[in-house]
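Structural features, examined
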Amino acid sequence: MSVEQVQPAATVHEEEDSFYQDIELLQNHGINVADIKKLKTAGICTVRGIQMVTKKKLCNIKGLSEAKVDKMKEAVLKICGASAGFCTALQQSLNRRNVFRLTTGSMELNKLLGGGLESMAITEVFGEFRTGKTQLAHTLCVTTQLPGERGYTGGKVIYIDTENTFRPDRLRPIADRFNLDQEAVLDNVLYSRAYTSEQQMELLDFVCAKFHEEPGIFKLLVVDSVMALFRVDFSGRGELAERQQSLAQMLSKLQKISEEYNVAVLITNQMTSDPGATMSFQADPKKPIGGNIIAHASTTRISLRKGRGELRIAKIYDSPDLPESEATFAITSGGLDDAKD
């Protein structure tokens, strides 16, 4: 019995090894070490990472000429071989076997999300204040470290905080609920506080470096909240286009990180009142901020609203594969849990 249980974990590990193709492989194709180092400082640490960046951006990296960039692109094609172009839906289905799901602490919410928070995807959670967005993020910091289904062995978390709402001591009672050692749980969460939208973007380069340093160890990246600093740094209609452009670049980077390193990305978002909605008789005039940029970038969008007392209601707002439905959960001292009747 134990042998059977060990086997899937071993195959998952082998798949992960083939999943991460280190950028050092370019050395075998005539790219020198100094140029590879330049790529790493720009946050490009895997072969897939080069495919995810435009030629123009690569040329902007100090010390990389157009000829060098062309040579790198050719080397990437040689390394990737057949996998560089198209593959059948069946092959893609097999590739997606690497995708894992993280439990949220509430069985109802897990069911709503098709088993939990999906890796290789951006999950956006939005709602007014006190609807449980940050509580969900805190609970996931602990549940990510629990072994799960399909050989998932648990992993570390990176938490980028823009609103100063991260409380490490909040993780302690959640760890107790799952019978985990408090100090060990806190030790597995890397925390950073961002003060400007530029710093928030720069931190993602550090995230890439960290994920590359310890491949397969980190399983969750939390950005709480994704829009707060963009709201502050860009003001008025005049800077709206620039704000949305910066936001699009950041979300594109998050999407690439999630696919490149096979991690789950959770972003929380704020709401705004729509002054024009009162004229159109909408039931709920509030909507998530960030406009279409965030709407298209997020894989799954979940809207949260307050219920009675400690109850909260989650609804699938948009998803490529989940039906629109609702789930009720409770916020307890031990994090998110099922609502008790």
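Residues numbered from 1 in each chain as written. Predicted model: local features only at pLDDT ≥ 70, side-chain atom pairs only at ≥ 80, totals over all residues. Heavy atoms only, no water.

**Details of the overall build of the chain**
Where we set the bar: Only DSSP runs of H or I covering at least 4 residues are called helices, and only runs of E covering at least 2 are called strands; the numbering of each starts at the N terminus. Atoms counted for the radius of gyration: C-alpha only. Globule rule: 2.2 Å times the number of residues to the power 0.38. With a 1.4 Å probe rolled over the protein chains alone, any residue whose accessible area is under 20% of its type maximum counts as buried; one over 50% counts as exposed, and the rest are partly exposed.
Counting secondary structure elements, the chain contains 14 helices and 13 strands. The C-alpha atoms of the chain give 21 Å as radius of gyration, which agrees with the globular expectation for 341 residues (20 Å, within 12%). Referenced to the eigenvectors of the C-alpha coordinate spread, the extents of the chain come out at roughly 65 × 65 × 40 Å. Within the chain, the fraction of its 341 residues that count as buried is 46%.

**A look at the pattern of salt bridges**
It is possible for side chains of opposite charge to pair when their charged atoms get near one another. Inclusion rule: Whenever a carboxyl oxygen of Asp or Glu lies within 4 Å of a side-chain nitrogen of Lys or Arg, that contact is scored as a salt bridge.
As enumerated under the stated definition, the model contains 17 salt bridges in all. Of the charged contacts, one joins Glu118 and Arg96 as a salt bridge, the two residues approaching to 2.6 Å between their closest N and O atoms. With a gap of 22 residues between them, Glu118 in strand β2 (residues 117-118) and Arg96 in the loop between α6 (89-95) and β1 (101-102) connect regions that are remote in the sequence. A residue is classified by how much of its surface remains accessible, and Arg96, at 36% relative accessible area, is partly exposed. Between Asp337 and Lys340 there is a salt bridge; the shortest N-O distance is 3.8 Å. Accessibility expressed as a relative area gives 67% for Lys340, which makes it exposed.

**Points about the packing of helix α11 (residues 197-213) against helix α13 (residues 240-261)**
Spelled out, the test is: For helices, the fitted line uses only the C-alpha atoms of the stretch in contact; every axis is such a line through C-alpha atoms, and the angle between N-to-C directions lies from 0 to 180 degrees. When describing relative orientation, an angle under 35 degrees is termed roughly parallel and one over 145 degrees roughly antiparallel, while 65 to 115 degrees is termed roughly perpendicular and anything else oblique. In this analysis, two residues are considered to be in contact whenever any of their non-hydrogen atoms come within 4.5 Å of each other.
Orientation of α11 relative to α13, taken along the N-to-C sense of each, is 10°, at an axis distance of 10 Å. Viewed along their axes, α11 and α13 adopt a mutual orientation that is roughly parallel. Residues Gln200, Met201, Leu204, Asp205, Val207, Cys208, Phe211 and His212 of α11 form the contact with α13, whose own contacting residues are Gln249, Met250, Lys253, Leu254, Ile257 and Tyr261.

**Some remarks on the sheet that holds strand β4 (residues 156-161)**
So the rule is basically this: Whether two strands pair comes down to DSSP finding at least two bridges between them.
Spatially, β5-β4-β6-β7-β3-β10-β11-β12-β13 is the arrangement adopted by the 9 strands of the open sheet, whose pairing is mixed. Strand pairing shows two members of the sheet lacking a second neighbour, β5 (189-193) and β13 (335-338), which therefore form its edges. The mean angle between the axes of side-by-side strands here comes to 25°, regardless of whether they run parallel or antiparallel. With 4 bridges joining them, strand β12 (residues 326-332) and β13 adopt antiparallel strand pairing. Its bridge partner lying in β13, Ile331 is registered against Leu336. Helix-sheet contacts for helix α8 (residues 133-143) involve β3 (121-126), β4, β5, β6 (218-224), β7 (264-269), β10 (300-306), β12 and β13, and the interaxial angle to β4 is about 155°. With respect to the sheet, α13 is in contact with β3, β6 and β7, its orientation differing from that of β3 by roughly 130°.

**Let's talk about the nonpolar core**
Rules: Residues enter a nonpolar core if they are buried and are Ala, Val, Leu, Ile, Met, Phe, Trp, Tyr or Cys, with the set joined through side-chain atoms within 4.5 Å.
Core analysis: the largest hydrophobic core is formed by 34 residues, its most contacted members being Leu102, Leu109, Leu220 and Leu266. No other element matches the 5 residues that α8 contributes to this core. Contact partners of Leu102, with chain neighbours within four places excluded, come to Asn110, Gly115, Gly116, Leu117, Leu140, Thr144, Tyr152, Lys219, Leu220 and Ala264. Within the second largest apolar cluster, 30 residues are counted, among which are Leu204, Leu221, Phe234 and Ile289.

**Comments concerning the pairing of β4**
Most of β4 is tucked away: 5 of the 6 residues are buried. Of the strand pairs in this sheet, β4 and β6 are connected by 6 bridges, and their pairing is parallel. From the neighbouring strand, Val157 faces β6, where its bridge partner is Leu220. Bridging between β4 and β5 involves 5 bridges; their strand directions are parallel. In the sheet register, Ile158 faces β5, and the bridge partner there is Leu190.

**A look at helix α5 (residues 66-80)**
This is how it is decided: Helix span, as expected, comes to 1.5 Å for every residue beyond the first. To be clear, the arc concerns the directions from the helix axis to the C-beta atoms.
When the terminal C-alpha atoms of α5 are compared, their 21 Å separation across 15 residues agrees well with the 21 Å that a helix rising 1.5 Å per residue should span. Among the residues of α5, those classed as buried are Val69, Met72, Ala75, Val76, Ile79 and Cys80. One side of α5 carries all its buried residues, which in axial view fall inside an arc of 125°. Opposite the buried face of α5, at more than 90 degrees from it, the exposed residues are Glu66, Ala67, Leu77 and Lys78. Buried residues along α5 sit against α2 (33-41), α3 (47-51) and α4 (55-60). Backbone geometry just downstream of α5 places Gly81 in the positive-phi region, at approximately 60°.

**A closer look at the packing of aromatic side chains**
The condition that has to hold: Think of it this way: a Phe, Tyr or Trp ring, Trp meaning its six-membered ring, pairs with another when their centres are within 6.5 Å, and the plane angle makes it stacked under 30 degrees, edge-to-face over 60, tilted otherwise.
For the structure on display, the rule yields 8 aromatic pairs. Between Phe166 and Tyr191, the aromatic rings sit 4.7 Å apart at their centres with planes inclined by 20°, giving stacked as the arrangement. Separated by 25 residues along the polypeptide, Phe166 in the loop between β4 and α9 (171-177) and Tyr191 in strand β5 bring together distant segments of the chain. Using a relative accessible area of 36% as the deciding quantity, one classes Tyr191 as partly exposed.

**Focus on unusual backbone geometry**
In this model, Asp224 is joined to Ser225 through a cis peptide bond whose omega is -5°. Along the chain, Ser225 turns up in the loop between β6 and α12 (228-233). With a phi angle near 60°, Met120 is a residue other than glycine that sits in the positive phi range. Relative to the elements of secondary structure, Met120 occurs in the loop between β2 and β3. The exposure class of Met120 is buried, given its relative accessible area of 14%.

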